Amino acid sequence: MDKKSLCPVAKKCGGCKWINMEYEKQLEEKEKWVKSLLKPFCKLERIIGMENPTHYRNKVHAVFGLDRFHKPVSGIYEEGTHRIVPVDSCLIENQKADEIIVSIRNLLKSFKIKVYDEDTGYGLLRHVLIRTGHATGQIMVVLVLSSPILPGKNNFVKALLKLHPEITTIVVNVNNKRTSMVLGDKEQVIYGKGYIEDVLCGKTFRISPKSFYQVNPVQTEKLYNKALEFAGLTGKETVVDAYCGTGTIGIIASDKAGQVIGVELNGDAVRDARDNAKRNNVKNIQFYQNDAGKFLVGMAEQDAKVDVVLMDPPRSGSDEAFLGSVVKMAPKKVVYISCNPETLARDLKYLTKHGYKIERAVACDMFPFTNHVECVIMMQYCGKEKKK
Ligand code: SAH
């Protein structure tokens, strides 16, 4: 093992591929990578890095199990296996969350809580998931159990809160399946509200155990601000927020738009998005649960007038149904947020062939120490005038 490594388990974990690279160098490499992919289309502005690139992850997961000596351990799965590598602290995770996980492990013995053994299916505690609200300081602890009953529940909650009064809610999640999915379907709130809140660009968002929420809140704010700057809204535009997740981007954009239409495939995310709109008293936004491609084909068929498309697809990128409909509706601007520069380059090839010109492009480092990078691109329609 590399003695100088910033993390003793980096190789086994596999999360931080660039753990031993200076941060400045990481930024340079990410910029170079994106530049090489986007070279045919545009120039790249200086990558948006983090001032403080450690402990940025607001969501922390630990798997619980037994070591060779049958002692409870918590940590991560070794990459590609189901062996647990013990971890007490991690360079990129929220530190409070790591401390809480260690405290939970230390409490197990006195509460006679057995950890789950994947081989035999015996034991109770399988995982702990912690989510933290960066701006609010709220903390949610999710105990993933193999059965719904936590013996000595009230005293366990009391003991944990005594050690960590900063915890604002505790949820028991039941996962009795032999699966590598962390969370099961059933949930019971055993302390607090069952969710936490966070604030992004002045709007409040509700985060439940299963909600999708960007993991690096500091960089997410910079990313969204950049996307909005690129969109240059004046208050009148009809905006589509495609692949909208829990509605964050659309809700943040809503103050500066005439109306926003959000589309997202995941039903739970759409429910959260509607709740988030209500919570922020946003009235000019509508969310639809649908495949973004199908939805846009429908809009294009109805000859809908759209001024700006904001899109933030998953790693696989967008598809021709979606992109073809964008071209057909010909919104003045498309702002593309991407977590995979390779599929981004593929999609840009299509859009630039069909009338769009890239005006601005920047990478944003949402995942320091890993080999992932986020990008925001702004395109303008320069093709033939669309007949009205
Ligand atoms: N814009 C959000 C979420 C981005 S993640 C944010 O910044 O928080 C990408 C989202 O695309 C996920 O919520 C995923 O559920 C959704 N998604 C994946 N495939 C989709 C499809 N075919 N149609 C619509 N949404 C899709």
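Thresholds, definitions, all that
- Per chain, the residues get numbers from 1 upward, laid out in the order the sequence is written.
- Note on the predicted model: pLDDT of at least 70 is required for a residue's local features to be given, and 80 or more for side-chain atom pairs to be given and counted; whole-chain, interface and lining totals, by contrast, use all residues.
- The basis for the side-chain values is all heavy atoms of the structure; hydrogens and waters are excluded.
- To be near a molecule or strand, a residue needs just one of its heavy atoms within 4 Å of it.
- Definition of a polar contact: a pair of N or O atoms within 3.5 Å, with one able to donate and the other able to accept a hydrogen when the atoms are protein atoms, and with sequence-neighbouring residues admitted only if both atoms are side-chain atoms.
- Note on areas: Shrake-Rupley with a 1.4 Å probe; residue coverage comes only from the protein chains shown.
- Marked domain ranges trace back to an automatic or database domain assignment.
- What makes two residues a contact is simply this: any of their non-hydrogen atoms within 4.5 Å.
- Note on definitions: buried area is the accessible-area loss of two parts on being combined, 1.4 Å probe, summed for both.
- In what follows, salt bridge is the name for a side-chain nitrogen of Lys or Arg lying within 4 Å of a carboxyl oxygen of Asp or Glu.
- Helix and strand assignments come from DSSP, with helices taken as H or I runs of at least 4 residues and strands as E runs of at least 2, each series counted from the N terminus.
- In the cavity and pocket records, a cavity denotes points on a 1 Å grid over the protein atoms alone where a 1.4 Å probe fits but cannot get out, a pocket denotes an open set with protein on both sides within 12 Å along at least 5 of 7 lines, and lining residues are residues with an atom within 4 Å of a point.
- Grid points are joined across faces, edges and corners, and a volume is the space filled by probe spheres set on the points.
- Relative accessible area decides the class of each residue, using a 1.4 Å probe on protein chains only: under 20% of the type maximum gives buried, over 50% gives exposed, and in between gives partly exposed.
- Think of it this way: DSSP has to see at least two bridges between two strands before they count as a pair.
- Helix axes use the C-alpha atoms of the stretch in contact, all axes being lines fitted to C-alpha atoms, and the angles between their N-to-C directions lie in the range 0 to 180 degrees.

**Q** Describe the site of the ligand, naming the residues involved and giving the relevant values.
**A** The full set close to the ligand counts 16 residues, and Y224, E264, D291, A292 and D312 are the nearest of them. Separating an oxygen atom of the ligand from a side-chain N or O atom of Q214 is a distance of 3.1 Å. The separation between a nitrogen atom of the ligand and a polar main-chain atom of A292 is 2.8 Å. Here the ligand loses 84% of its free accessible area of 580 Å² to cover by the protein chains.

**Q** I'd like to hear about the domain arrangement of the chain, residue by residue, with values.
**A** According to the domain assignment, the chain consists of domain 1 (10-53 + 216-381) and domain 2 (59-207). Distance from the C-alpha centre of domain 1 to the C-alpha centre of domain 2: 31 Å. Listed per partner, the contact involves 23 residues of domain 1 and 18 residues of domain 2. Both faces considered, domain 1 and domain 2 share a buried interface measuring about 1,800 Å² in area, 64% of it formed by carbon and sulfur atoms. With a shortest N-O distance of 3.9 Å, D275 and R206 are connected by a salt bridge. For the side of domain 1 that touches domain 2, the secondary-structure elements that each account for two or more residues are α1 (10-13), α5 (217-231), α6 (248-253) and α7 (267-279).

**Q** Hey, could you go over empty space enclosed by the protein for me, with residue numbers and the actual values?
**A** Here the idea is plain: a probe the size of a water molecule rolls over the atoms and shows the empty space left. Counted by the stated rule, this structure contains 1 cavity of 30 Å³ or more. In this structure, the largest cavity spans a volume of roughly 70 Å³. Along the walls of the largest cavity sit V60, H61, A62, G75, I76, V87, D88, E93, D98 and I101, which together make up its complete lining. Residue assignment for the lining of the largest cavity shows that the elements contributing at least two residues are β1 (59-66), β2 (72-77) and α3 (95-107). When residues in the lining of the largest cavity are grouped by element, the largest group, 3 residues, is from β1.

**Q** Could you give an account of the environment of N371, naming the residues involved and the relevant values?
**A** Turning to its location among the elements, N371 is positioned in the loop between β15 (356-364) and β16 (374-381). Classification of N371 as partly exposed rests on a relative accessible area of 30%. For the pair N371 and K17, spaced 354 residues apart in sequence, the C-alpha to C-alpha distance is 6.0 Å. With sequence-adjacent residues up to four places away left out, N371 is seen in contact with K17, W18 and W33.

**Q** Just give me the short version of the side chain of N216, but keep the residues and values in it.
**A** By secondary structure assignment, the location of N216 is in the loop between β9 (203-207) and α5. Among the polar contacts made by the side chain of N216, one reaches the main-chain amide nitrogen of Q219 at a distance of 3.2 Å. The residues touching N216, leaving out its near neighbours within four places in the chain, are M50, Y56, D365, M366 and P368.

**Q** Lay out unusual backbone geometry in plain terms, naming residues and giving numbers.
**A** At K112, a position not held by glycine, the phi torsion is positive, near 55 degrees. Within the secondary structure, K112 is located in the loop between α3 and β4 (125-132). For K112, a relative accessible area of 70% puts it in the exposed group. Positive phi values are uncommon outside glycine, yet A330 reaches one of about 50 degrees. Residue placement: A330 occurs in the loop between α9 (320-329) and β14 (333-338).

**Q** Report on the sheet that holds strand β5 (residues 139-145), specifying residues and quantitative values.
**A** The strand order across the open sheet formed by 7 strands is β3-β2-β1-β4-β5-β6-β7, and the pairing between neighbours is mixed. Among the strands making up the open sheet, the edge pair consists of β3 (84-86) and β7 (186-191). Across the sheet, the mean angle separating the axes of adjacent strands is 35 degrees when strand polarity is ignored. One ladder, built from 4 bridges, connects β1 with β2; its direction is antiparallel. For F64, the partnering residue across the bridge sits in β2 and is S74. Packing of α3 onto the sheet brings it into contact with β1, β2, β4 and β5, and relative to β1 it is tilted by some 25 degrees. Against the sheet, helix α4 (residues 153-163) touches β5, β6 (169-174) and β7, its axis set at about 60 degrees to β7.

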